[in-house]
Amino acid sequence: MTQMIFDDTLRGGMLYLLVNGQRYDAKGEFTYNLGRPKRTAIPGADKVHGFFTEVQVPFIEGAITDARDLDLAAFLDTVNATITLELQIGKVIVLRQAAYVGEGTVSPKEGQVPVRFEGLSAEEVK
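Residues numbered from 1 in each chain as written. Predicted model: local features only at pLDDT ≥ 70, side-chain atom pairs only at ≥ 80, totals over all residues. Heavy atoms only, no water.

Caption draft 1: The arrangement of the pairing of strand 9 (residues 112–118) in detail. Residues Val-113, Val-115 and Phe-117 line the buried face of strand 9, whereas the alternating positions Gln-112, Pro-114, Arg-116 and Glu-118 sit on a face that is not buried. In the sheet, strand 6 (residues 59–65) pairs with strand 9 via seven bridges, with the strands oriented antiparallel. Bridged to Ile-60 within strand 9 is Phe-117. Pairing of strand 8 (residues 92–100) with strand 9 involves two bridges; the strand directions are antiparallel. Pairing of Tyr-100 across the sheet is with Phe-117, part of strand 9. (Buried < 20%, exposed > 50% of the residue type's maximum accessible area, 1.4 Å probe, protein only. Helix = DSSP H or I, 4+ residues; strand = E, 2+ residues; numbered from the N terminus. Pairing = 2+ DSSP bridges.)

Caption draft 2: Molecular detail of unusual backbone geometry. Positioned with a positive phi, Asn-20 is a non-glycine residue whose angle comes to about 50 degrees. Relative to the elements of secondary structure, Asn-20 occurs in the loop between strand 1 (15–19) and strand 2 (22–24). You will see that Gln-97, though not glycine, has its phi angle at about 50 degrees, which is positive. Assignment of secondary structure puts Gln-97 in strand 8.

Caption draft 3: Representation of the nonpolar core. Counting residues in each nonpolar core, the largest one holds 21 residues, and the members touching the most others are Phe-75, Ile-83, Val-115 and Phe-117. Every element with two or more residues in this core is listed here: strand 1, strand 6, strand 7 (81–87), strand 8 and strand 9. Those residues in contact with Phe-75 that lie beyond four places of it in its chain are Val-19, Tyr-24, Ile-64, Leu-70, Tyr-100, Val-115 and Phe-117. (Core = buried A, V, L, I, M, F, W, Y, C linked by side-chain atoms within 4.5 Å. Contact = heavy atoms within 4.5 Å.)

Caption draft 4: Molecular detail of the pairing of strand 7. For strand 7, the buried fraction is high: six of the seven residues fall into the buried class. Across five bridges, strand 7 lies against strand 8 in antiparallel orientation. Considered in strand 8, the bridge of Leu-85 is made with Ile-93. Between strand 7 and strand 8, which pair antiparallel one after the other, the connecting turn spans four residues, and Gly-90 there sits at a positive phi close to 100 degrees.

Caption draft 5: Quick peek at the pattern of salt bridges. In the structure shown here, the tally under the stated rule is five salt bridges. Where Glu-118 meets Arg-116, a salt bridge forms, and the shortest distance between an N and an O atom there is 2.9 Å. Glu-118 sits in the partly exposed class, given a relative accessible area of 25%. A network of salt bridges, in which partner residues are shared, links Glu-61, Arg-116 and Glu-118. (Salt bridge = Lys/Arg side-chain N within 4 Å of Asp/Glu carboxyl O.)

Caption draft 6: Quick peek at the environment of Arg-96. Within the secondary structure, Arg-96 sits in strand 8. Other than its neighbours up to four places away in sequence, Arg-96 contacts Ala-81, Gly-119, Leu-120, Ser-121 and Glu-123. A polar contact of 2.6 Å, which involves the side chain of Arg-96, links it to the side chain of Glu-123. (Polar contact = N/O pair within 3.5 Å; in protein donor to acceptor, adjacent residues only side chain to side chain.)

So, in structure tokens, the structure goes:
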């Protein structure tokens, strides 16, 4: 994990994105989902009858900044990768057997490349 300063009151801040161990210039907001089952209530006319569960796909999503040495075609073709999101609060999110599933649309004005990786499993490491 990259050296970061930790404080017990810190709840957000800097982050690092790594794809198969290679760090990219993370930009803006990132979101992630560990892929745990989603529970939804089944309402009846008289009461809640129970719940059902649905599979959720684990993902990490955000944006990176384009660079001269970024091989965009290779980046967009990423499959079977390990994606790591290192958060300043000391958590590390690891997405395994992941593939790039975004559109690949780049915004040249700010050099922004939206990224979304979906995988077969994810875990939170502390």
